[in-house]
Amino acid sequence: MALSPEVYKAFEDVVGARNISQDPAVLECYRCYAAQSSAHYGPFDHKTPMPGAVIMPGSTEEVQGIIRLCNKYKIPFKAATTFWAAMGYIGDENAIQLDMRRMKKIEINERDQYAVVEPYAIGAVVQVEAMKRGFNLNMAGVGCSSSTLAGTAGWVAFGPSSLFMGTASENMLAAEWVLPNGEILHTGSLGAGSGWFCGEGPGPSTRAILRGKQGTTGAFGVCTRVAVRLHPWPGPAVIPTYGTIPAYRAKLPETIKTVTVCYPSWDAYAEGANLLHQSDIVYLGHRQFNMFGRDIKTAMIKILNDPDLQLCDLPEIMADPYIKEQNEKMKIEVSLVIVGMTQRDFDYKMKALDEIIRRVGAWKSEFMLEKPIHDWTLLYLLRLGHKNLNYTLCGSYEGNFGMSPNVFVTAPLMESAAKLKDDYAKKYPYIADTGGDSDMGSLAILGGGGVTGWEFFTCFDRFDKASIKGACDMVNISQKWMDDHKLGVDMGHWNANARREDGFNYTQEQHNEMLSKLPQPWVCGYQYLVKKAFNPYDLGGSYYRTCDPASFAKK
Amino acid sequence: MALKDFRPMMERCSNCLGCKWIPFDKIQSQRFGENCPINLYYEFHIYSARGKFQAAQGLLDGEYGYTDALLASTQACTACGACDIACKVCRYNLEPLDFNIALKADAVEKGNILPVQKEMIASLKKEQTMIIGAKKANRSAWAKGLKLKDAMKEGAEVIFFPGCKYSYDKKLQGYARTAAELLINAGVDLGYMGEADMCCASRAYQQGLMADFDARSEANIKAFKKAGVKTIVTPCSDCYYAFKRLYAAKGLEVEVLHVVEYIDKLISEKKLKLKKPVNMTVTYHDPCHLGRLGEPYVAWNGTEKKIMNQVHTWEPRRPRYNGAYGIYDAPRRVLAAIPGLTLVEMERIREYALCCGAGAACEQTYPEVSKFTANERVTEANSTGAEALVTACPWCESNFASAVDENGKKIEVIDIIDLVSRAL
Ligand SMILES: Cc1cc2nc3c(=O)[nH]c(=O)nc-3n(C[C@H](O)[C@H](O)[C@H](O)COP(=O)(O)OP(=O)(O)OC[C@H]3O[C@@H](n4cnc5c(N)ncnc54)[C@H](O)[C@@H]3O)c2cc1C
Ligand code: SF4
Ligand code: SF4
């Protein structure tokens, strides 16, 4: 059921007729196909509910006006910006979806080294504007088409550069936040009228309420501006590029280089990762191309580097003895970007890298050092502009064996996970059979290292029901394996307690029932009390996980 | 392909939103990073290739018909293909542009035709041009006094095909003459289609008016065959695309050259020397239909084939039009051959150039979108500091002529033929 004409008119008065819609085809575009860009909710064969209306606010005042009306009429709402993941979509019939696309300003403070961004400033444009001033930012692994603010205020947002630059929770400074009750809160130094330089104070430090480790996933009001820390970029103001589509390549000074380090074993990998974490020489580190599957990664790189090649060429390329040899050498690998702040710094870092390589018996992939491939890889990793490649093989994928503990815990388990996936793909035709090990992940998912983030890609075809079912099987197989190894919740189940399988929000009663059984139910009990104070009509949705203390206190 | 045949693509699109931006690797600034005219103008998600991929599923499932927004997103789309090439940086199994056109055709089939489109169709039928108000009787005015063979009477291997805009626009007629004269003076035995010279109907195709496109193109192909045409030279990028890609798919086997390619050839063969300095700083706008959509046609009649269980490929290998081999260098070489001329590039160029806003007859069907897009491009052109904006397409040229940048400032718009003639 659509909004009543009176309510619609009230919203329209806030944003203007051009920026609100109830057209069913417009609304349909704000539904998430849970088998498509689920970001770890699914894969299922259905969509999230249809919004009652979609509104595009153009300013903080407009956001406030919308939220006040939502409170007045008790209409649930959710803001999203770049819509990569299910968590951005509403979970109640007739809830309002805010599309933050119209708010996209970027202001860079060179002296204090931060950028104040509005929601639709995507990673790519924040990066290009920052680079003009000698800076860069932590780009979440989701890639540069995703909103910097959404990652910072709404989600974990770690990525290949997090080792050097930290994750979103480490980079978030002051913020402007329209709370679920319509009040505007200025957090950190902004709240004390001292600018954007600090997230904690002087002024209210609400980081724990408004973002925490994982972010509030849009269920707790709307962030309209946030300041993020910037980090040094010694390269040119604009990355010069060359090459023919799709193989664009970076032409950067010799002091900015990518090296793919290959290891003889997972033990050597763990030791190498540990040394890389400690040595402070890595600007960006990611196991990237293995996401295609261990068997095909080198052939895929070849295809992506040649405008005339396509996926149908895979078998022929894989049969090439040189590619075979290089693929074998790159079985266990990580790609690094080393950035010298000066020539001396670069020389030191390369020397340290050589020493680490020597100590763990690793080697540099010569294939990845071939000039055109090197320059392509460098651009790929620095801009993270090819995230759609995650989907290129089959159109959809789900993450499995999502492991983020210490590398010495996880590395020895990689082959066992790989075998499980390989066995399944060999037995059933439902998921891509491109090598059991299809792990991708950042060298560290915390500033300074310590832990790595890993995710195996299960590529499937959402157009094929049997294939969706196969991906679901893998989610279950993988979760059982995670349980057996005491590794916690797997990626496929990450949001299982935030949104129901049918795409709707949980009711409070359902959340009480489910979350009171957690080992530490007071986490959600605390959030329940916060919600009562800031979000009295419960308009944000169940991604903000709350549990009435009464449901567990008496037990 | 009918709309329903695109269902697998609709469902396999990954909602990455790459189709709203130029390829991310190429972004140089926030201001000039986006690429889709309709998305820039309307902003809601439905106004993008991705949005349409999603909305069309509800349409096919009968959840709604052509709503106002779906219709606007379908009809205002300039069929510029910017989404298509951005998508293909990563994807090998999606064809957003072909889908956009199939959606247009489906809308038309279901009776969604704008009044102005009806006028265009009527004009095409009666006067063999989609320029409303133009008369067939005046079509050859541009050629008056030129020593051109009438291909239909005398036969001609190389014909000059001016296209409707150069034929009827008073200012452009002169450039068509100049171009033809350049070829004649260089010794080309040049003809034109005489009485059989008619609209290529590329813009009918771009609007999804398939029956009209089919009728016109088939008649033209017949005429070309009868006249024994081996090479078509055209100054119009829309015609170029029609012959090179659309007519080729219908079996026309001729060499197709844009005038700018021919001039480039004459310069490289030293048959044409540009001597007079033109002391100007200019920027060049790549027309969509000469640039990213100007790649040669490759025949294909195949099906999907999955390998490695679920990896999508095509059997036989499917041509992959991603703009890699469009016509970008020939115009730039011609500009470089003009003494005194300096070329400064915009940020969105070559396969990722922004559309001028005139594609798919948008300037007539959705003038506000078209004007907005032209203004956006002129803002970018003025940001380079160039004194003039050069292009190789009459539709771009006329759309830019009245456009202003975000500060209300215009820019001189120059046809590349005119620029060459200034250097003769
Ligand atoms: C293919 C893929 C790969 C991924 N890889 C990684 C990875 O490597 N590392 C990682 O950390 N994450 C990863 N993710 C998750 C991803 O980081 C988040 O989805 C992303 O950071 C947020 O961008 P988005 O496009 O999803 O934004 P959106 O859809 O706009 O929003 C994401 C969340 O933030 C909320 N939000 C958005 N705007 C606002 C606002 N103005 N105020 C308040 N809340 C808001 C939304 O409601 C939603 O819950 C991946 C997701 C996908 C689909
Ligand atoms: S059409 Fe292509 S670029 Fe656009 S969202 Fe779909 S996959 Fe991404
Ligand atoms: S063809 Fe052009 S206008 Fe149409 S959806 Fe694609 S980019 Fe937008």
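Use the structure listed above.
For clarity, every value in this text was computed on a predicted model and none was experimentally measured.

Visitor: Report on the site of ligand 1, specifying residues and quantitative values.
Guide: Residue and element names in this part refer to chain A. Around ligand 1 lies a shell of 31 residues, among which Ala-79, Thr-81, Thr-82, Ser-146 and Cys-223 are the nearest. Note that an oxygen atom of ligand 1 is positioned 2.9 Å from one of the backbone N or O atoms of Met-87. Within the contact set of ligand 1, a nitrogen atom lies 3.0 Å away from a side-chain nitrogen or oxygen of Trp-155. Isolated, ligand 1 exposes 940 Å² of accessible area, and the fraction of that covered by the protein chains is 97%. For the shell around ligand 1, the secondary structure elements donating two or more residues are strand E3 (77-80), helix H5 (148-154) and strand E10 (222-229). If you tally residues by element for the shell around ligand 1, the top one is H5, at four residues.

Visitor: I'd love a proper account of the pattern of salt bridges, names of residues and values included.
Guide: In this structure the tally under the stated criterion is 75 salt bridges over all chains. When the shortest N-O distance is used, the salt bridge between Arg-101 of chain A and Glu-34 of chain B registers 2.6 Å. Separated into two different chains, Arg-101 of chain A in the loop between strand E4 (96-99) and strand E5 (106-109) and Glu-34 of chain B in the loop between helix H1 (7-12) and helix H2 (37-42) make up a pair that spans both. Using a relative accessible area of 2% as the deciding quantity, one classes Arg-101 of chain A as buried. Between Arg-333 of chain B and Asp-264 of chain B there is a salt bridge, and its shortest N-O distance comes to 2.7 Å. Note that Arg-333 of chain B is positioned in helix H15 (residues 329-336) and Asp-264 of chain B in helix H14 (residues 259-268), a separation of 69 residues in sequence. On the accessibility criterion, Arg-333 of chain B (47% relative accessible area) is partly exposed.

Visitor: So, the layout of surface pockets: which residues are in play, and what are the values?
Guide: Residue and element names in this part refer to chain B. Looking at the second largest pocket, its volume works out to about 940 Å³. What lines the second largest pocket is a set of 34 residues, and nearest its centre among them are Met-1, Asp-98, Tyr-205, Leu-246 and Ala-249. Where the lining of the second largest pocket is concerned, the elements lending two or more residues are helix H5 (82-87), helix H6 (96-109), helix H12 (210-227) and helix H13 (237-249). Counting residues per element, the lining of the second largest pocket draws most heavily on H6, which supplies seven residues. Here the residues of the lining of the second largest pocket are counted per class, giving 22 nonpolar, one polar and eleven charged.

Conventions used here
Residues numbered from 1 in each chain as written. Chains lettered and ligands numbered in written order. Predicted model: local features only at pLDDT ≥ 70, side-chain atom pairs only at ≥ 80, totals over all residues. Heavy atoms only, no water. Near = heavy atom within 4 Å. Polar contact = N/O pair within 3.5 Å; in protein donor to acceptor, adjacent residues only side chain to side chain. Areas by Shrake-Rupley, 256 points an atom, 1.4 Å probe, with all protein chains shown as cover. Helix = DSSP H or I, 4+ residues; strand = E, 2+ residues; numbered from the N terminus. Salt bridge = Lys/Arg side-chain N within 4 Å of Asp/Glu carboxyl O. Buried < 20%, exposed > 50% of the residue type's maximum accessible area, 1.4 Å probe, protein only. 1 Å grid on protein atoms, 1.4 Å probe; cavity = no way out; pocket = protein on both sides within 12 Å on 5 of 7 lines; lining within 4 Å. Points joined across faces, edges and corners; volume = space filled by probe spheres on them. Nonpolar A, V, L, I, M, F, W, Y, C, P; charged D, E, K, R; others polar.

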